[in-house]
Amino acid sequence: MKVLIADGVSPKGIDILAKDYEVVVKDKLPAEELLEIIPQFDGLIVRSASKVTQAVIAAATNLKVIGRAGVGVDNIDIPAATARGIIVLNAPEGNTIAATEHTMAMMLSMARNIPVANETMQKGEWNRKKYVGVELRGKTLGVIGMGRIGSGVAKRALAFDMDVIGYDPYINEERAQALGIEIGSLDDVIAKSDFITVHMPLTAQTKGMLNKDNMKNMKKGVRLVNCARGGIINEADLAAAVKMGIVAGAAIDVFESEPVPVDHPLVGLPGVVLTPHLGASTVEAQVGVSIDVARGVGAALRGEPVSTAVNMAPVSAQVMKVIKPYFDLAERLGCTACSLAEGPIEKIEVEYNGEITEVDTKMITTAVIKGVLNPILEFAVNYVNAPSMAKQRNIKVKEMKNKEAENFANLITVRVTTAASEIRVQGTLFGDEGRIVMINDYRVDVDPHARILICPHINRPGIIGKVGSVMGGADINISGMQVGKTDVSGTNIMVVTVDNDIPPHILKSVIGIDGIFGAKLVNFYVV
Ligand SMILES: NC(=O)C1=CN([C@@H]2O[C@H](COP(=O)(O)OP(=O)(O)OC[C@H]3O[C@@H](n4cnc5c(N)ncnc54)[C@H](O)[C@@H]3O)[C@@H](O)[C@H]2O)C=CC1
Ligand SMILES: O=C(O)CCC(=O)C(=O)O
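Because the structure is a prediction, the values reported are computed rather than measured.

This part takes up unusual backbone geometry. Residue P259 is reached from E258 by a cis peptide bond, and omega for that bond is -5°. Position of P259 among the secondary structure elements: in the loop between strand 11 (247–252) and strand 12 (272–274). The phi torsion at K28 lies on the positive side, around 55°, for a residue other than glycine. Relative to the helices and strands, K28 is located in the loop between strand 2 (22–25) and helix 2 (31–37). Here K28 falls in the exposed class, since 9 other C-beta atoms lie within 10 Å of it.

Surveying the vicinity of ligand 1 reveals 32 residues, the closest of which are G72, G147, Y170, M200 and G279. At the level of elements, helix 5 (96–111) and helix 7 (148–159) are the ones that each hand at least two residues to the shell around ligand 1. With 3 residues, helix 7 is the largest single contributor of residues to the shell around ligand 1.

Further remarks concern the nonpolar core. Membership of the largest hydrophobic core comes to 149 residues, with the highest contact counts inside it found for L44, I45, I87 and V368. When residues in this core are grouped by element, the largest group, 9 residues, is from helix 13 (residues 317–340). Excluding residues within four positions of it along the chain, L44 makes contact with L4, A6, I38, V52, L63 and I66.

In this section: the domain arrangement of the protein chain. According to the domain assignment, the protein chain contains domain 1 (2–92 + 284–312), domain 2 (96–274), domain 3 (315–440) and domain 4 (448–527). Taking only C-alpha atoms, the centre of domain 2 and the centre of domain 3 are 48 Å apart.

Each pair of packed helices can be summarised by the angle the axes make with each other and by the distance between the axes. Two elements in contact, helix 5 and helix 7, have axes whose closest approach is 9 Å; the angle formed by their N-to-C orientations is 45°. With respect to their mutual orientation, helix 5 and helix 7 come out oblique. Relative to helix 7, the crossing made by helix 5 is right-handed. Residues T96, I97, A99, T100, T103 and M104 of helix 5 pack against R148, I149, G152, V153 and R156 of helix 7.

Attention now goes to the UniProt feature "domain: ACT" (unreviewed entry) in the protein chain. Taking the numbering used here, the UniProt-annotated feature "domain: ACT" (unreviewed entry) corresponds to residues 452–524. What you have in residues 452–524 is 26% helix and 33% strand, and the ends, taken at the C-alpha atoms, are 9 Å apart.

Take the site of ligand 2 next. Every residue lining ligand 2 is accounted for by R47, S48, A69, G70, V71, G72, N95, H277, G279, A280 and S281. For the shell around ligand 2, the residue count by class is 3 nonpolar, 7 polar and 1 charged.

Our focus in this paragraph is the packing of helix 1 (residues 11–18) against helix 12 (residues 283–301). Running from amino to carboxyl end, helix 1 crosses helix 12 at an angle of 20°, the nearest separation of the two axes being 7 Å. Classified by the interaxial angle, the pair formed by helix 1 and helix 12 is roughly parallel. In this structure, helix 1 meets helix 12 at a crossing whose hand is right-handed. Across the interface between the two elements, K12, G13, I16 and L17 of helix 1 pack against V287, S290, I291, V293, A294, R295, V297 and G298 of helix 12. Residues that form the contact of helix 1 with helix 12 fall into these classes: 7 nonpolar, 3 polar and 2 charged.

Moving on: the environment of V24. Position of V24 relative to the elements: it lies in strand 2. A tally of 14 C-beta atoms within 10 Å means that V24 is categorised as partly exposed. Separated by 30 residues in the primary sequence, V24 and Q54 have C-alpha atoms spaced 22 Å apart. If we skip the residues at most four places from it in the chain, V24 touches K2 and L4.

It is worth spelling out the sheet that holds strand 18 (residues 442–446) at this point. One open sheet accounts for 6 strands, arranged 14-13-15-16-17-18; its pairing is mixed. What marks the edges here is a single partner per strand, and that holds for strand 14 (396–402) and strand 18. Taken over all neighbouring pairs, the strand axes of this sheet differ in orientation by 20° on average, direction set aside. In this structure, strand 16 (residues 422–430) lies alongside strand 17 (residues 433–439), joined through 6 bridges in antiparallel fashion. For Q426, the partnering residue across the bridge sits in strand 17 and is M438.

What follows concerns helix 5. Between the first and last C-alpha of helix 5 there are 23 Å, a value that for 16 residues agrees with the 22 Å anticipated at 1.5 Å per step. Buried within helix 5 are the following residues: A98, A99, T100, H102, T103, M106, M107, M110 and A111. Just past helix 5, the residue N113 takes up positive phi, approximately 55°.

Let us look at helix 14 (residues 362–373). Here helix 14 is 12 residues long and its end C-alpha atoms lie 16 Å apart, about the 16 Å a rise of 1.5 Å per residue gives. Counting buried positions over the 12 residues of helix 14 gives 11, a clear majority of the element. Listed in full, the buried residues belonging to helix 14 are M363, I364, T365, T366, A367, V368, I369, K370, G371, V372 and L373. Looking at the packing, one finds that the buried side of helix 14 touches helix 13, strand 13 (345–354), helix 15 (386–392), strand 14 and strand 15 (410–418).

Here we have 4 strands laid out as an open sheet, ordered 20-21-19-22, and antiparallel in their pairing. Each edge of the open sheet carries a strand with a single partner, namely strand 20 (478–483) and strand 22 (520–522). Within this sheet the neighbouring strands show an average axis-to-axis angle of 20°, counted without direction. Where strand 20 and strand 21 (residues 491–498) come together, 5 bridges link them in antiparallel fashion.

Parameters and conventions
Residues numbered from 1 in each chain as written. Chains lettered and ligands numbered in written order. Predicted model: local features only at pLDDT ≥ 70, side-chain atom pairs only at ≥ 80, totals over all residues. Helix = DSSP H or I, 4+ residues; strand = E, 2+ residues; numbered from the N terminus. Buried ≥ 20, exposed ≤ 12 C-beta atoms within 10 Å, placed from the backbone. Near = placed C-beta within 6 Å. Core = buried A, V, L, I, M, F, W, Y, C linked by C-beta atoms within 7 Å. Contact = placed C-beta atoms within 7 Å. Domains from an automatic or database assignment. Axes fitted to C-alpha atoms, helices over the stretch in contact; angles between N-to-C directions. Parallel < 35°, antiparallel > 145°, perpendicular 65-115°, else oblique. Left-handed = near helix turned anticlockwise from the far one by under 90°. UniProt positions renumbered as here; feature names shortened; annotations may be inferred. Nonpolar A, V, L, I, M, F, W, Y, C, P; charged D, E, K, R; others polar. Pairing = 2+ DSSP bridges. Expected span 1.5 Å × (residues − 1).

Here it is in structure tokens:
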């Protein structure tokens, strides 16, 4: 598989991907060239410069994953990617400190006129009177958006003896208390703050959130910081407010359109400090996001779920650690149940027993759906599109949990119902090794990795030998064989591990053996 890196990222991540994939690195790839070459690639990595538009996604016929080496995914058309089953993931933590420190640096630079003082001094001037600044101590800082970066800024501002008031409709009082700050409404933040800094994504709700209408309610001489996304503070309104003296200073790292044109309204305004989207530009952050995004893209290309995917159900890193070993098993249980089922699938039920019931198992259920649908659909089913593909096909999906586990510490039961049959396949993990432990009423111990033939049969001598003869006659090597551990009303099940595919006419011959009730081949479709 091939991965395109369209914007400059640290070589550390490139090295990780290059071990398994062909990696093509193009820094500052023009939009037309991206559109032209994207059909060749399975994975794409961008920073903020490349725009992954609907047109790029439509042209990306092989693309499975888009990785953003950073936080903001506003340069990627996520609905278009999701509709195509393309995983979009980011690297949300690697640049948090860089952006947090940049915000503090911008606030201090603006408060103490450092950029302009430096600029004039470089020109030979010595202007001590002109550049008298203000202190942070004792001032109120309004933080809008109290996520990773907003919280980090609040923490640092407290160390500068500032009073911090935060606004974030999605955080609770407990979190605010833990941060040791006051939480207020947007109006409170606007009215009370001497400095206001924004730290949220650019969305329909946050676009233009600070504008001429609420700037007039700010304290005269307020100073504004935007190291999040261009457009959260309306740029034209900000420039006008600076000119009118309502806003004494602005420190802006991100812009509505980047790179900014030379005639941008904020360029050249006194009191305004500008940087060209440098929030994440530290050596440490670039190494961090490069490694994180490479690991995410690698996992997605291997068909594994990714904790930083933004168009899949979110899973915390902690939960991911617990549930990750189950994904492969869950997918193989789904694949086995699908292979045994007769007719169109109506319902998939997944029941969890034991310790696993304590965590969010939605992703494991998605893995089961992926395993059930992959053998029957041409279109690759993945963690992004599996639930919607089941819905499209009117397949009901039900998840059940029962803390009690009888014989195993953890047990996953997959039931697939069709008009003609109900198939039950159960599996557990022994250490990290997945095993199928029940097929319908038969107790087995199957390693679900090789190609297996499953044949229920009358429990009498001679039948296993006949299956062996049919296989041998067709030059199909049997590398493993087991029968169920218990007889069920005079019947049992044999699970034959075969090295080669079994053509339909040979399967027919097996079914024709007296005493055999059926023969189903399970070709595991797990990536
Ligand atoms: N300048 C740069 O180079 C960088 C910019 N960023 C940007 O910084 C921003 C924040 O990043 P993180 O803290 O990592 O994200 P985060 O996801 O941890 O935090 C975002 C916060 O915004 C809040 N939020 C969402 N809608 C809101 C609304 N309408 N009003 C108030 N709060 C709202 C969320 O509840 C969340 O707590 C993002 O836009 C990101 O793209 C991040 C890294 C570098
Ligand atoms: O990639 C970059 O340098 C920008 C980082 C950024 O804006 C983000 O992570 O949201």
